[in-house]
Amino acid sequence: MKVVAINGSPKKEGNTYHAIRMVAAELEKAGIETEIVHIGNKAIQGCIACGQCAKNRNERCVLPGDEVNNALQKMKQADGIILGTPVHYAAIGGTMKSFLDRAFYVAGSNGGMLRHKVGAAVVAVRRSGGVPTFDQLNNFLHYAEMLVPSSNYWNVIHGTQPGEVAQDEEGVQIMRMLGKNMAWLLKLAEHGKGAVAEPEAEPKTFMNFIH
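Residue positions are given per chain, counted from 1 along the sequence in the order it is written. Local features in a predicted model are, by the rule used here, given only for residues with pLDDT of at least 70; side-chain atom pairs are given and counted only at 80 or more, and totals for whole chains, interfaces and linings are based on all residues. Remark: hydrogens and water are excluded; side-chain values derive from all non-hydrogen atoms of the structure.

K.L.:
Can you walk me through the overall build of the protein in this structure?
P.N.:
What counts as a helix is a DSSP run of H or I of at least four residues, what counts as a strand is a run of E of at least two, and both are numbered from the N terminus. When its secondary structure is counted, the protein shows 6 helices and 5 strands. Element order for the protein, N to C, with α for helix and β for strand: β-α-β-α-α-β-α-β-α-β-α. Radius of gyration here uses only the C-alpha atoms, and the compact-globule reference equals 2.2 Å multiplied by the residue count raised to the power 0.38. For a compact globule of 211 residues, the expected C-alpha radius of gyration is about 17 Å, and the protein comes in at 17 Å, within 12% of that figure. Along the three orthogonal principal directions, the C-alpha set of the protein runs to about 50 × 45 × 40 Å. Here's how the labels work: a residue is buried when its accessible area is under 20% of the maximum for its type, exposed when over 50%, partly exposed in between, all with a 1.4 Å probe on protein chains only. For the protein, the proportion of its 211 residues judged to be buried stands at 45%. Between two residues, a contact is recorded if the distance between any of their heavy atoms is within 4.5 Å. Excluding contacts between residues fewer than 6 apart, the proportion of contacts in the protein whose partners are at least 24 apart in sequence is 77%.

K.L.:
Can you walk me through helix H4 (residues 94-109) in this structure?
P.N.:
Counting along an α-helix, one turn takes 3.6 residues, and residues three or four places apart therefore face a common direction. The span you would expect from a helix comes to 1.5 Å times its residue count less one. Relative to the 22 Å expected for 16 residues at 1.5 Å per residue, H4 spans 22 Å between its end C-alpha atoms, a close match to the ideal helical length. Taken residue by residue, H4 has Met-96, Ser-98, Phe-99, Leu-100, Arg-102, Ala-103, Phe-104, Val-106, Ala-107 and Ser-109 as its buried positions. Looking at the buried residues of H4, the elements they touch are strand E1 (2-7), helix H2 (52-56), helix H3 (68-77), strand E3 (80-86) and helix H5 (130-143). Following H4 by one or two positions, Gly-111 adopts a phi angle in the positive range, close to 75 degrees.

K.L.:
Is there a simple way to explain the sheet that holds E1 in this structure?
P.N.:
Note: strands within a sheet are paired through backbone hydrogen bonds, in either parallel or antiparallel orientation. One open sheet holds the 5 strands; their spatial order is E2-E1-E3-E4-E5, and the pairing between them is parallel. Both edges of this open sheet fall to strand E2 (33-38) and strand E5 (156-158), since each of them pairs with a single strand only. Averaged over all pairs of adjacent strands, the angle between their axes in this sheet comes to 20 degrees, without regard to strand direction. Only strands that DSSP links by at least two bridges are regarded as paired with each other. Relative to E5, strand E4 (residues 118-125) runs parallel, the two being bridged by 3 bridges. Bridge assignment links Ala-124 to a residue of E5, and that residue is Ile-157. Axis lines are fitted to C-alpha atoms, over the contacting stretch for helices. Their N-to-C directions set the angle, which ranges from 0 to 180 degrees.

Here you go:
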């Protein structure tokens, strides 16, 4: 089994990386491979709501020249996904938000590419804003009908300088428990294939409230 972690930090080995590695260490103890895909220092354009991914259904965003399509294929092939980001001012940084909007829009428009994969979110933060950012990441996981493991508190760890999160003893435990629970859920999902029938997907119902 394999997990792909999307690192949304501009610093390739900043505290978000260290948080992901804490989770990955537990996954690897359970025999699950982890690959970290770093997109936080890339130039990624935001979604322009053109709808071409839903029209073309070729598992690709039509906007060229960045990491979205390659990373999405890695996510498709993986059994589990970790979304990791620092807090930028108010919440998710612009690059990570642009990536998530486009990747999940394409995935949802192409038969639910991420449906029933195991997905977890982690946040590294200096002081505040961790929980709103964690909530934002979880919105993508839930909308994609992913299976979301938990820890013993919100998946937020604190530090300023790269590596400083290792001093947040509670945060370290949160990441460790998340890794253990994620590994367990991945194995449950794997062993359930063919033994327990998946619920059928339903076409999305869209409504608005303007009459």
